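Residue strings, one per chain:
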Amino acid sequence: MSTQTTGGPPLLAGDRDPAGAARTAPAGAAPSEDRSPVSGPLGTAPAPDDCSIVTRGLTKRFRGGRVAVDDLDLAVPRGSVFGFLGPNGSGKTTTIRMLLGLVTPTSGRCEVLGESIPAGLPAVLPRVGALVEGPAFHPYLSGEANLLRLDAADPTADPRTARERVGLALARVGLSAAARKRYRAYSLGMRQRLALAAALLGPRDLLILDEPTNGLDPQGTREVRALIREVAAEGTTVFVSSHLLAEVEQMCSHIAVMRSGRLVAQEPIAEFRRAGGPPRVTVETPDAAAAAEVLRGLGLAAVRTAVGAPDAVVSADLGDVPTERICAELVARGVAVRGLAVCRPSLEDVFVRLTGEGFDVDG
Ligand SMILES: Nc1ncnc2c1ncn2[C@@H]1O[C@H](COP(=O)(O)OP(=O)(O)OP(=O)(O)O)[C@@H](O)[C@H]1O
């Protein structure tokens, strides 16, 4: 996979034809498969002022009748790191392309930074850094020269400070040492980093990143996550797609889950996790009956014992009782505690609970 960025009106953006071949087109240009214009008001209520992205009934049906995105209502709070999660083919990239004006919706509306898309693209794109799939960089130019070229094409960027901006962006993504290397000699991970650097060339109110850790090694993945958190801490809203639950869990404040083009959940991550049920305390002990009695005595609910040898595992919903109190009470009652842990439901548990399905990345 190669990557491309948009950070302002002059940047190039890719679009896939039905056969999957990559091509490039100016950001915001009408793609060839577009047939139906966006029509109708954006719902009855105005878009909330505190959202960076709002969609209403957003739908994309490709030629051949395939519905890639189906009646999507998204509300991305300003300042959030919003994880857009879903298996391959669930409609994430198509949604992102609609947000950036690269694909026209079949029906429905979207607003980015308070502007209706595509009409508001010229006003919005300089404030948006984006990384979406597709070629964007000149293979025979160095990473640095590529960024200087992109920067020069941005009418909102001051040419006198271009080198400084480019140097900073390269440093942020760890590419300073490879700045003078030709793009075609870059590894996949380096290309991904350069795409991120391009998205970060100017100050952005919104970053839209399509699978930004694709192609990166574990170290690169950690760095990109840290970078996303850093950018968010500066006040930029980050909308990031991923098919990896664990990744979203580690860096996002909010989550939306797509499945087959439809939204199945959209919440702050803490709410999402809560939907998986309360944390459980587990006690490994040879004195199962006594341990269960202590937990019940403390008012803990749903006390269960899993018999094992030599130890049983007694568990209960943690509730409001501090773990240290549970521990102290068990010891005070002479219960032999060989292990004590608090288990919180993972996002995957919640996903399964909400959808009744596993998270099949090939789905
Ligand atoms: N230009 C196109 N023409 C026809 N069908 C398309 C086009 N682009 C995407 N699709 C189809 O739309 C569906 C959603 O694809 P999309 O790329 O949006 O999913 P995704 O969640 O981003 O998956 P991935 O992570 O694999 O890119 C898929 O079935 C895909 O084959």
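Presented here is a report on the structure given in the accompanying data block. Please read these numbers as outputs of a predicted model, since none were measured by experiment.

**Some remarks on the packing of helix H3 (residues 143-152) against helix H4 (residues 162-172)**
For the pair H3 and H4, the least separation of the axes is 10 Å and the interaxial angle reads 125°. Classed by the angle they form, the pair H3 and H4 counts as oblique. The hand of the H3/H4 crossing is right-handed. Side by side, H3 and H4 meet where Gly 143, Glu 144, Leu 147, Leu 148, Asp 151 and Ala 152 of the first sit next to Ala 162, Arg 165, Val 166, Ala 169 and Leu 170 of the second.

**Concerning unusual backbone geometry**
Note on backbone geometry: most residues besides glycine have negative phi, and most peptide bonds are trans. Cis peptide bonds are those with omega within 30 degrees of zero, and the linkage from Ile 117 to Pro 118 qualifies with 15°. Checked against the element boundaries, Pro 118 lands in the loop between strand S9 (115-117) and helix H2 (121-124). Even without a glycine there, the phi angle at Glu 211 is positive, about 45°. Tracing the backbone shows Glu 211 in the loop between strand S11 (206-210) and helix H6 (218-233).

**With respect to the nonpolar core**
Among the nonpolar cores identified, the biggest contains 75 residues, and Ala 197, Ile 208 and Val 238 are the most heavily contacted of them. Ignoring sequence-local partners within four residues, the contact set of Ala 197 consists of Leu 147, Ala 169, Leu 170, Arg 172, Val 173 and Leu 175. Residues Val 294, Val 314, Leu 318 and Ile 326 belong to the second largest nonpolar core, which totals 13 residues.

**A closer look at the sheet that holds strand S17 (residues 312-317)**
The strand order across the open sheet formed by four strands is S16-S17-S15-S18, and the pairing between neighbours is antiparallel. Pairing within the sheet leaves two strands with one partner each, and these edge strands are strand S16 (304-306) and strand S18 (339-343). Averaged over neighbouring strand pairs, the angle between their axes works out to 20° when direction is ignored. Two elements, S16 and S17, share three bridges in a ladder whose sense is antiparallel. Counted as the bridge partner of Thr 305 is Val 314 from S17. Seen against the sheet, helix H9 (residues 288-297) touches strand S15 (280-285), S16 and S17 and runs at an angle of roughly 10° to S17.

**Remarks on the environment of Leu 206**
Its place among the elements puts Leu 206 in strand S11. A tally of 21 C-beta atoms within 10 Å means that Leu 206 is categorised as buried. Sequence separation of Leu 206 and Leu 125 is 81 residues, and the distance between their C-alpha atoms is 9.4 Å. For Leu 206, the contacting residues outside a window of four places in its chain are Ser 52, Val 112, Leu 113, Arg 127, Val 128, Thr 236, Thr 237 and Phe 239.

About the thresholds
- Residues numbered from 1 in each chain as written.
- Predicted model: local features only at pLDDT ≥ 70, side-chain atom pairs only at ≥ 80, totals over all residues.
- Axes fitted to C-alpha atoms, helices over the stretch in contact; angles between N-to-C directions.
- Helix = DSSP H or I, 4+ residues; strand = E, 2+ residues; numbered from the N terminus.
- Parallel < 35°, antiparallel > 145°, perpendicular 65-115°, else oblique.
- Left-handed = near helix turned anticlockwise from the far one by under 90°.
- Contact = placed C-beta atoms within 7 Å.
- Core = buried A, V, L, I, M, F, W, Y, C linked by C-beta atoms within 7 Å.
- Buried ≥ 20, exposed ≤ 12 C-beta atoms within 10 Å, placed from the backbone.
- Pairing = 2+ DSSP bridges.

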